Amino acid sequence: MKPAGGLRRVAASTALLLAAACTSQTSEARPPASSTPSASESPSSSPSEPPSESPTRTPTASPTQPPTEEPAEPLRRFTVAMSGDVLLHEGLWSTARLDAAAGHAGMDFRPLLASMRPVLSGADLAICHMETPLAPPGGPYAGYPLFSAPPQITRALEWAGFDVCTTASNHSLDQGVEGLRRTLETLDRNGLDYAGTARTQREARRPVLVEAGDATVGLVSQTY
């Protein structure tokens, strides 16, 4: 609804026009008796009208305003390093014998892996693939086609920075179930986790979860 002052201005303006039409062109129009303000003047507020709000006042949020979205969870980043097959032939364990400390029998595979160590130790998660079953500490060792690798390799893998190994391959059962069990026990003794083979059905159902930086990673290894 328009304010009452506005209606009064319209009525007064109409009366002024009618009066001007009835007078002579040479006559001066008398000012109207009403004190109605001109269009350039601002009408005063009616006592019944509420005072206008200050333009600097911050309006309150509407009840229908959608809620503020929660900030997205930050991404969890991690780095992964992976190697190819740990596949030991006779030439490699012969080199490890030569690399063993003077006066000590045995094998030292660390020099063979030394160049990989800076990369592996700098990764949040380092994964190797243990392609072959491991022999007892004193052997016998064998290469292709039925592998039986020296277990000393596991100490070198841990030293180089590997965290976990996959163990499912076409050579997993080269030394039967006993060789499979021995391989996993050797990895256990040297602090390397593994996925792919298991000693029992219960162990096979165990999810392999490893910490990698800000994340927890599940590892799966399969073969045919």
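Residues numbered from 1 in each chain as written. Predicted model: local features only at pLDDT ≥ 70, side-chain atom pairs only at ≥ 80, totals over all residues. Heavy atoms only, no water.

*Asks:* Which residues make up the nonpolar core, and what values do they have?
*Replies:* With 28 residues, the main nonpolar core has Phe-109, Met-130, Ile-153, Leu-157 and Phe-162 as its most contacted residues. Contributions of two or more residues to this core are made by strand S1 (80-86), helix H2 (90-99), strand S2 (125-130), helix H5 (153-160) and helix H6 (176-189). Looking at which element gives the most residues to this core, the answer is H5, with 4 residues. Sequence-distant contacts of Ile-153, that is, excluding residues within four places in its chain, are made with Val-86, Leu-88, Phe-109, Leu-113, Met-130 and Leu-134. Within the second largest apolar cluster, 9 residues are counted, among which are Ala-195, Val-208, Ala-212 and Leu-219. (Core = buried A, V, L, I, M, F, W, Y, C linked by side-chain atoms within 4.5 Å. Buried < 20%, exposed > 50% of the residue type's maximum accessible area, 1.4 Å probe, protein only. Helix = DSSP H or I, 4+ residues; strand = E, 2+ residues; numbered from the N terminus. Contact = heavy atoms within 4.5 Å.)

*Asks:* Account for the environment of Thr-197, with residues named and values stated.
*Replies:* Tracing the chain through its elements places Thr-197 in the loop between strand S4 (193-195) and helix H7 (201-204). Classification of Thr-197 as buried rests on a relative accessible area of 15%. When near neighbours in sequence (up to four residues on either side) are disregarded, Thr-197 contacts Thr-167, Ala-168, Ser-172, Leu-180 and Leu-184. A distance of 2.7 Å separates a polar atom in the side chain of Thr-197 from a polar atom in the side chain of Thr-167. (Polar contact = N/O pair within 3.5 Å; in protein donor to acceptor, adjacent residues only side chain to side chain.)

*Asks:* Which residues make up unusual backbone geometry, and what values go with them?
*Replies:* That bond from Gly-139 to Pro-140 is cis: its omega, 5°, falls within 30 degrees of zero. Relative to the assigned elements, Pro-140 resides in the loop between S2 and H5. For the bond running from Tyr-144 to Pro-145, omega is 10°, close enough to zero to count as cis. Take Pro-145: it is sitting in the loop between S2 and H5.

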